Amino acid sequence: MTEQQMTTGGQKRLIVLGAGESGLGAALLGKQQGWDVFVSDGGAIKDNYKDAMHHAGIEFEEGRHTEEKILNAQCLVKSPGIPDKAPIVKKVHEAGIEVCSEIEFGFRYKGDSKIIAITGSNGKSTTTKMTFHLLKEAGYDVSMVGNIGISFAKQIAEQPTEWYVMEVSSFQLDDIHRFRPDVAVLLNITPDHLDRYDYKLDNYIASKFRITENQTGNDFFILNQDDPVINKYMLNMISAHSLHAKTIYFTMNNEQKLPENEGGMIHDDEMTINYGGEELKMSIHDLSLQGKHNQYNTMAAGISARIAGIRREKIRESFATFEGLEHRLEFVATVRGVDFINDSKATNVNSVWFALESMKKPTVLILGGQDKGNDYNELMELVKDKVKAIVCMGVDNAPIHNAFKGVVPAIIDTASADEAVKAAFSVSEKGDVVLLSPACASFDLFKNYEDRGKQFKEAVKGL
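Analysis parameters
- Residues numbered from 1 in each chain as written.
- Predicted model: local features only at pLDDT ≥ 70, side-chain atom pairs only at ≥ 80, totals over all residues.
- Heavy atoms only, no water.
- Axes fitted to C-alpha atoms, helices over the stretch in contact; angles between N-to-C directions.
- Helix = DSSP H or I, 4+ residues; strand = E, 2+ residues; numbered from the N terminus.
- Parallel < 35°, antiparallel > 145°, perpendicular 65-115°, else oblique.
- Contact = heavy atoms within 4.5 Å.
- Nonpolar A, V, L, I, M, F, W, Y, C, P; charged D, E, K, R; others polar.
- Disulfide = S-S within 2.5 Å.
- Buried < 20%, exposed > 50% of the residue type's maximum accessible area, 1.4 Å probe, protein only.
- Expected span 1.5 Å × (residues − 1).
- Pairing = 2+ DSSP bridges.
- Salt bridge = Lys/Arg side-chain N within 4 Å of Asp/Glu carboxyl O.
- Phe/Tyr/Trp six-rings, centres within 6.5 Å; stacked < 30°, edge-to-face > 60°.
- Lys NZ or Arg CZ within 6 Å of the ring centre and 35° of its normal.
- Left-handed = near helix turned anticlockwise from the far one by under 90°.

### Description of the packing of helix α2 (residues 21-32) against helix α3 (residues 47-56)
The geometry of α2 relative to α3 is characterised by a closest axis approach of 11 Å and an angle of 5° between their N-to-C directions. Between α2 and α3, the crossing angle belongs to the class labelled roughly parallel. Every residue of α3 that contacts α2 at Glu-21, Leu-24, Leu-28 and Lys-31 is listed here: Tyr-49, Ala-52, Met-53 and Ala-56. Along the lines of polarity and charge, the residues of the contact of α2 with α3 split into 6 nonpolar, no polar and 2 charged.

Right, here's the structure in full:
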């Protein structure tokens, strides 16, 4: 299909597979741009999404995929949650129909707007929200889209802005073709979602790096110089001459030298961001979010904001007023001297490592859920040093028992948020912290990580 066909509208047929937030957004944008749109979802569609499609005059089906209605399209936008191995997707590919992600579809209608796209295994939601905060506080016409906020395509359809700050997952990047952010951020890479990548870490790494594949010399690629996985892959890209964007690094390694002295660095508790001949310095103790992982996130957001043209004084002021995300190291309450912290968004081991690393008090750790083949060894030193008890909250807690038996004095099994909170409180003392940081998906006992976090907070309020 030619670019002219893709961008001029007309009654071309667009199929949207999956009627979640991204699917609805693609459908609304497609309808607005003159496509004949049909939405198909193998499960049930939320009532508010059905109402939106009825209102827009979009035909849809739920609980099935009708092949004759799907295999006659020019383009199919696939929900990030649907793998290529799904039978209907295989048939779409066999039919020669173009498959793209919602961010790719939205990109084709973004006009002259600018995109800051942020990815990584951990920290991307916080960094996206922080970057959005910096631009918003500076008076920019900006929206927050992607995995956080509303979908990119829906924002373009309903309220386009001059800037888009976008959280991007590897699943969304898998189906891009021409998507090209003006500023791309890669925070870190640790094993995650490997079931989608044939259990090969290299496939997952390659997916994350797709965020820069279409960038040109006029674009920027901001990345973590301290991440060994990123560094190794970067060497391969440089040797293959496949990297075209201007690279800017951030680091906490005092021995690292930043190319052209541009980028971000933390040394002796002072953060320095250097870009465009201007240097921003700020004590890490003046940042609203604490913890080593948040310092990395802050440097990435700060560099992005400087590239966007925001003055250093405004960035410094906005860093101090930023409020973190719900379910990400969220302070809940202090009950009889025991602090409760909700980190339900920590669905992999690396997230838990960062959470434990930021704990300054003896910790009772609530772990567990739908295990994704976790290797808990990387937590071992922190658990030995900081954790006085582990409370398991899941259907199958055997992997946690096997990993930490003999490492902590007590491992307690529970099967609900209420049980877990009561058990954690019972083994806590004044001056301790109870940390919900599960390292697992939530689907064994909860709808999602938000539901798990909310139930945890309700249980704390009930003590």
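### Considering the state of the cysteines
Throughout the structure, instances matching the rule amount to 0 disulfides. Between Cys-392, a free cysteine, and Cys-440, which holds the nearest cysteine sulfur, the sulfur-to-sulfur gap is 9.4 Å. Judged by relative accessible area, Cys-392 falls into the buried class, the value being 0%. Note on Cys-440: relative accessible area 1%, which makes it buried.

### Structural notes on helix α7 (residues 124-137)
Compared with the 20 Å implied by 1.5 Å per residue over 14 residues, the 20 Å span of α7 between its first and last C-alpha is a close match. Of all the 14 residues making up α7, 11 are buried; the element is thus mostly covered by neighbouring parts of the structure. Positive backbone phi, at 85°, marks Gly-139, one or two positions downstream of α7.

### Brief notes about the sheet that holds strand β19 (residues 411-414)
An order of β15-β16-β20-β17-β18-β19 is seen for the 6 strands of this open sheet, with the pairing classed as mixed. Since the sheet does not close on itself, it has two edges, and those belong to β15 (330-335) and β19, each with one partner. Sheet twist, expressed as the mean angle between neighbouring strand axes with direction ignored, is 20°. Pairing geometry for strand β17 (residues 363-367) and strand β18 (residues 387-393), over 5 bridges, is parallel. Of the residues in β18, the one forming a bridge with Thr-363 is Val-387. Relative to the sheet, helix α17 (residues 417-426) contacts β15, β16 (338-342), β17, β18, β19 and β20 (433-436), its axis offset from that of β18 by approximately 165°.

### Notes on the pattern of salt bridges
Scanning all chains against the criterion turns up 29 salt bridges. In this structure, Glu-61 and Arg-64 form a salt bridge, with 3.4 Å as the shortest nitrogen-oxygen distance. A residue is classified by how much of its surface remains accessible, and Arg-64, at 48% relative accessible area, is partly exposed. We note a salt bridge from Lys-246 to Glu-262, for which the minimum N-O separation is 3.5 Å. Linking Lys-246 in strand β11 (residues 246-251) with Glu-262 in the loop between β11 and β12 (263-267), this pair joins segments that are 16 residues apart in sequence. Overlapping salt bridges bring together Glu-278, Arg-306, Arg-311, Arg-312 and Glu-313 as one network.

### A short note on the packing of aromatic side chains
One pass over the structure, following the stated rule, counts 13 aromatic pairs. Ring geometry for Tyr-140 against Trp-163: centres 5.9 Å apart, planes inclined by 50°, an arrangement best described as tilted. Of this pair, Tyr-140 sits in the loop between α7 and β7 (142-146) while Trp-163 is found in strand β8 (residues 163-167), placing the two residues 23 residues apart along the sequence. Three or more aromatic residues link up through ring pairs in this structure, and these residues are Trp-35, Phe-105 and Tyr-109. The ring of Trp-35 carries the charged tip of Lys-12 above its face, separated from the ring centre by 4.3 Å.

### Description of the packing of helix α12 (residues 292-307) against helix α13 (residues 312-321)
Where α12 meets α13, the axes come as close as 10 Å, and the angle between the chain directions of the two elements is 145°. The crossing of α12 and α13 is right-handed. Contact residues: α12 offers Thr-298, Gly-302, Ala-305 and Arg-306, while α13 offers Arg-312, Ile-315 and Phe-319. Classifying every residue of the contact of α12 with α13 by side-chain character gives 3 nonpolar, 2 polar and 2 charged.

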